[in-house]
Amino acid sequence: MSTFVAFSFKKPVHVSRTVEKAVQICRDYLPSIYSSEPEIWIGKKSALVVWPTRGEQAAMSRRNGLVLGITGYTTVLSPQGILDRVRTSSSGLFLDQSPGGVAAFCLIDQSERLFAWSTQPPVHGLYTAQTRAEYTVVAPRPLLAYLASTRSAAIRLRRDYAFEMLASGYAIGSTPYADTRRNPVMKGLLVQDGDPTPIDHPHPRHPVVEGSLNDVARQYREKLETAVSVAGNRDVTLRLSGGKDSRTILAIAHGTGMNISAVTMGAPDSGEAQTAARVAEACGFRHEIRPQQVIADPIRAACLSHMATEGLITAVPHQFAHTLDPPRDGGLVMTGQGHLQRGGYAPGLQSASWDATRAIRYLKTKVRSGLVTEDLNAPNLAAVDAWAAERGRGTHLSAADVLHWGSADFRLGYWYASTFMAMEGITRPLMPLLDDAVFAFVAATGAKERMSEKMNFAMISNAAPRLGKLGLYNDRWRFELDGADAEIPGYGDRTPLPKSKSNAEGLVFDENPHRFRPTTRTFCAATLDSATWHDIKIQPVARIA
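Residues numbered from 1 in each chain as written. Predicted model: local features only at pLDDT ≥ 70, side-chain atom pairs only at ≥ 80, totals over all residues. Heavy atoms only, no water.

Colleague: Looking at this structure, I do not really get the overall build of the protein. What am I missing?
Modeller: When you go through the protein residue by residue, the secondary structure sums to 18 helices and 21 strands. By residue count, 55% of the 545 residues in the protein fall in the buried class. Taking all contacts inside the protein whose residues are at least 6 apart in sequence as the whole, residues at least 24 apart take part in 68%. Carbon together with sulfur atoms contributes 51% to the accessible area of the protein, which is approximately 23,200 Å² in total. (Helix = DSSP H or I, 4+ residues; strand = E, 2+ residues; numbered from the N terminus. Buried < 20%, exposed > 50% of the residue type's maximum accessible area, 1.4 Å probe, protein only. Contact = heavy atoms within 4.5 Å. Areas by Shrake-Rupley, 256 points an atom, 1.4 Å probe, with all protein chains shown as cover.)

Quick look at the structure:
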């Protein structure tokens, strides 16, 4: 684990001095998980700075005149393996195998061209800052890119960012910082002589997956087993809800010998927590239920989440305090975040007659807001059209394809990326369902297998038969909606558990810790009674400006 910042200069002037000043500015900003002592490589017109996670060596690798920096982790190819297999050309680069994992990369070649890209789905962002005419900075964190570019602790914000956030809940390509943008989620990046250009993503597509349901489930299981193998013998804390995604991860961990402690956030007597306990017991893992930490003061919650996400705003600002205590001694936090193996936005496919145009209209509902005027919605709607044209370049997109890739690029690439970045700033996340090799495999399976959830269920039943027999809490696998299917391996008539008390009863508010039943009336009362809300009523302009 590490993070990096890279420079590409227009002219070979003051390169070392610029990098040295930027490192001094960035050192005080970096999240505490990173060491303050970076590894630095400086060429004539480019430079790469890598800060390792504390207690670990920097992830900078060199071979055959290539320099590579990585943030995150890989599961299939090592950094040296990437350098052995990568090929560059006049207009881009190509890697003939997925490196696996969840990571962002920066490679500088013999001609000092700077290439950057991230694994797919793109939960790792790549940001370019051009606050000075002499050079361009690239980094996986927006504030890191901005500070390295300005070489100053003074921050100049973009006033339009607030309106962009209101339009969709996430900004498509923009950041709060002047002259700092995110690279398109489906693209790589080439920076030559200080000029950045988006390029085709370098990872190959997985061949179309064919075979029986059993065969596809077996291949899927093998991909996931590789995705969790990076944990080795380290302690792993699994965030377990007991739902479809988290039990997918638990099924893979079952039998691997991983040292897992499962944690569920909520009340011990809630239906979700009780289901999670049964799921953990079925796989023989330790299980703990912890109260859900929620910040009652909306302004304090917003400020903390803004700091953690460098102003991009987290997907769940009111739950900022829910983050698990980071494991000690290099332990990992593993989650089942994903949904792509179950079709992404597929539940929105309301009719088999939908075509790509109809699915694109549905996707636009995810970025349109009633909080702003249509002229503020217009850029995001135009971004969806441009995205669809790029995704459909050279191929035919079905409605299911639109909903799959839309979920990957918008839900995970934009909406969830800030939450992932906040998590990576305090712990070592392990996310098998977001693994590049797993994602490539899932994208190559049939839409029907994904959307019906048959592949996912068959894999769970094969990997952990006892787990496959446990019903879901207040839910069904999608294929069950049409009745039992005897052809699905391990299928049984699993009537969902009866709905009991809401998991939300496990909420604990930091201002007045106690068990709290968040009905609309009482939740609003908790907000309005907060001290900060009182200040806002008295001094609205001073507090909001």
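Colleague: How should the packing of helix H5 (residues 213–228) against helix H12 (residues 436–443) be read in this particular structure?
Modeller: Helix packing for two helices is described by the angle between their axes and how far apart those axes are. At a minimum axis separation of 8 Å, H5 and H12 run at an interaxial angle of 165°. Judged by the angle between their axes, H5 and H12 are roughly antiparallel. For the pair H5 and H12, the sense of crossing is left-handed. Contacts from Val-216, Gln-219, Tyr-220, Lys-223, Leu-224 and Ala-227 in H5 reach Ala-437, Val-438, Phe-441 and Val-442 in H12. Within the contact of H5 with H12, the residues separate by chemical class into 8 nonpolar, 1 polar and 1 charged. (Axes fitted to C-alpha atoms, helices over the stretch in contact; angles between N-to-C directions. Parallel < 35°, antiparallel > 145°, perpendicular 65-115°, else oblique. Left-handed = near helix turned anticlockwise from the far one by under 90°. Nonpolar A, V, L, I, M, F, W, Y, C, P; charged D, E, K, R; others polar.)

Colleague: Honestly, helix H3 (residues 142–150) in this entry has me stumped. Any pointers?
Modeller: Two residues of an α-helix separated by three or four positions point the same way, owing to the 3.6 residues in each turn. The element H3 is extensively covered by neighbouring structure, given that 9 of its 9 residues are classed as buried. Buried residues of H3: Pro-142, Leu-143, Leu-144, Ala-145, Tyr-146, Leu-147, Ala-148, Ser-149 and Thr-150, and no others. Within two residues after H3, Arg-151 carries a phi angle of roughly 55°, on the positive side.

Colleague: Would you take a moment to explain unusual backbone geometry for this structure?
Modeller: Trans peptide bonds make up most of the peptide bonds, and negative phi angles are found at most residues other than glycine. Cis geometry is adopted by the peptide bond preceding Pro-121, which originates at Gln-120 and carries an omega value of 0°. Locating Pro-121 in the fold gives a position in the loop between strand E9 (114–118) and strand E10 (127–129). The phi dihedral of Glu-112 is positive, around 60°, even though this residue is not glycine. Its place among the elements puts Glu-112 in the loop between strand E8 (102–108) and E9. The phi torsion at Asp-193 lies on the positive side, around 55°, for a residue other than glycine. Along the chain, the position of Asp-193 falls in the loop between strand E13 (187–192) and strand E14 (195–200).

Colleague: Would you explain the pairing of strand E11 (residues 135–139) in this entry?
Modeller: It is a general feature of regular strands that their side chains alternate between the two faces of the sheet. Burial of E11 is extensive: 5 of the 5 residues sit out of reach of the surface. Because side chains alternate across E11, one face comprises the buried residues Tyr-135, Val-137 and Ala-139, and the other comprises Thr-136 and Val-138, equally buried. Note: strand E1 (residues 2–9) against E11, 4 bridges, orientation antiparallel. By the bridge assignment for E11, Phe-9 is matched with Tyr-135. Bridge count between E10 and E11: 3 bridges; the pairing is antiparallel. Of the residues in E11, the one forming a bridge with Thr-128 is Val-138. Taken together, E10 and the strand that follows it, E11, pair antiparallel across an intervening segment of 5 residues. (Pairing = 2+ DSSP bridges.)

Colleague: Got a minute to help me understand the sheet that holds strand E2 (residues 39–42) in this structure?
Modeller: An order of E2-E3-E1-E11-E10-E12 is seen for the 6 strands of this open sheet, with the pairing classed as antiparallel. The sheet is open, and its two edges are formed by E2 and strand E12 (180–182), each paired on a single side. Each adjacent strand pair in this sheet contributes to an overall mean axis angle of 15°, direction not counted. Here 3 bridges tie E10 to E12, and the two strands are oriented antiparallel to one another. By the bridge assignment for E12, Tyr-127 is matched with Arg-182. Sheet contacts for H3: E1, strand E3 (46–52), E10, E11 and E12; angle to E11, the most-contacted strand, approximately 155°.

Colleague: Would you explain a nonpolar patch on the surface in this entry?
Modeller: The grouping of Phe-163, Leu-166, Leu-371 and Leu-376 at the surface amounts to a nonpolar patch, some 380 Å² of accessible area in total. Mapped onto the elements of the fold, Leu-376 is located in helix H10 (residues 374–391). (Patch = residues over 30% accessible without salt bridge, like charges linked within 9 Å, V, L, I, M, F, W, Y side chains within 5 Å. Salt bridge = Lys/Arg side-chain N within 4 Å of Asp/Glu carboxyl O.)

Colleague: So what exactly am I meant to see when it comes to the pattern of salt bridges here?
Modeller: Any two side chains of opposite charge can pair, given that their charged atoms come close. Applying the stated rule across the entire model yields 24 salt bridges. Its salt-bridge partner being Asp-245, residue Arg-342 comes within 3.0 Å of it at the nearest N-O pair. Pair noted here: Arg-342 is in the loop between strand E19 (332–334) and helix H9 (356–364) and Asp-245 is in helix H6 (residues 244–253), with a separation of 97 residues, a long-range link. Like Arg-342, the residue Asp-245 is buried in the burial classification. The structure contains a network of salt bridges with shared partners spanning Lys-244, Asp-245, Arg-342, Glu-453, Asp-475 and Arg-478.

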